[in-house]
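Working through the structure, step by step
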Amino acid sequence: MSQSQTELEMPDEQLILIADDEDDVRELVRLNLRRAGYMTAEAADGLAALRLARQNRPSLIVLDVMMPGRDGLKVCEELRHDEILSKVPVIMLTARGMAEDRIAGLEMGADDYIAKPFSPKELILRIQALL
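To keep things clear, this report deals only with the structure shown in the data block. All of these numbers come straight from a predicted model, not from anything done at the bench. The written sequence of each chain sets the order in which its residues are numbered from 1. Where totals are concerned, whole chains, interfaces and linings use all residues; where local detail is concerned, this predicted model gives features only for residues with pLDDT of at least 70, and gives and counts side-chain atom pairs only at 80 or more. Side-chain measures were taken over the full set of non-hydrogen atoms in the model, leaving aside hydrogen atoms and water.

Under the DSSP-based scheme used, a helix requires at least four consecutive residues in state H or I and a strand at least two consecutive residues in state E, with every element numbered from the N terminus. Residue position: D64 is located in the loop between β3 (60-63) and α4 (72-80). Summary of the burial criterion: residues with accessible area below 20% of their type's maximum are buried, those above 50% are exposed, and those between are partly exposed, where the area comes from a 1.4 Å probe applied to protein chains only. When its relative accessible area of 2% is taken as the criterion, D64 is described as buried. Two residues qualify as a contact provided that any one of their heavy atoms is within 4.5 Å of a heavy atom in the partner residue. Those residues in contact with D64, other than ones at most four positions away along the chain, are A19, D20, D21, G72, L93, T94 and K116.

On to unusual backbone geometry. P117 follows K116 through a cis peptide bond whose omega is -5°. With respect to the helices and strands, P117 occurs in the loop between β5 (112-115) and α6 (120-130). Look at R57: it is not a glycine, yet its phi comes out positive at around 45°. Take R57: it is sitting in the loop between α3 (46-56) and β3. The exposure class of R57 is exposed, given its relative accessible area of 54%.

Moving on to the sheet that holds β5. Strand pairing in a sheet relies on backbone hydrogen bonds, with the paired strands running either antiparallel or parallel. The five strands lie next to each other as β2-β1-β3-β4-β5, forming an open sheet whose pairing is parallel. Every other strand in the sheet has two partners, leaving β2 (39-43) and β5 as the edge strands with one partner each. Each adjacent strand pair in this sheet contributes to an overall mean axis angle of 20°, direction not counted. Examined bridge by bridge, β3 and strand β4 (residues 90-94) share three bridges and lie parallel to one another. The rule for pairing is simple: two strands pair if DSSP sees at least two bridges between them. The axes are straight lines fitted to the C-alpha atoms, using for helices just the contacting stretch, and the angles between their N-to-C directions are given from 0 to 180°.

When you line up the elements, I114 lands in strand β5. In sequence terms I114 and R96 are 18 residues apart; their C-alpha atoms lie 9.1 Å from each other. Setting aside chain neighbours within four positions, we find I114 in contact with I91, M92, L93, T94, L123 and R126.

A few words on the nonpolar core. We call a set of buried residues a nonpolar core when its members are Ala, Val, Leu, Ile, Met, Phe, Trp, Tyr or Cys and they connect through side-chain atoms within 4.5 Å of each other. If you look at the biggest cluster of nonpolar residues, it comprises 23 residues, and the most contacted ones within it are I61, L63, L79, V90 and M92. At the level of elements, β1 (15-19), β2, α3, β3, α4 and β4 are the ones that each hand at least two residues to this core. With residues near it in sequence (within four places) discarded, L63 still touches A19, G72, V75, C76, V90, I91, M92 and L93. Core analysis: the next-biggest nonpolar cluster, separate from the first, contains 16 residues, V62, L93, I114 and I124 among them.

Shown next as structure tokens:
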């Protein structure tokens with residue numbers, strides 16, 4: 001196995017923020033990310049996601065669109081206007097999978113957009129590609 005493959009499989013202390021109001025989705029993503037070697041932080045609403053992002057400066061954010069407090073599109077927009085967090089990759093992971101939803105997410109600054117239901121393996125591979 002080459003050195004670059006090893007680095008992709010065992011990230012060096014990279015923190016992924018999971019922002020989703022569904023406990024089971026956060027748990028599924030957390031388990032798969034930890035199995036892949038990532039550290040995780042979790043938020044159940046948009047305001048908590050922004051607070052945790054500012055406190056922890058994650059390597060990447062997995063962000064749901066439909067959340068209480070502040071929806072994921074607004075969170076993404078705020079992240080893109082934040083000097084420190086503007087370059088943090090964002091993957092939208094949401095039940096809103098219509099073309100216009102994907103376009104809106106990408107226009108707000110998301111780096112990728114995955115519709116639920118999703119493959120955890122695909123999510124991990126997309127995270128690795130962005131990092």
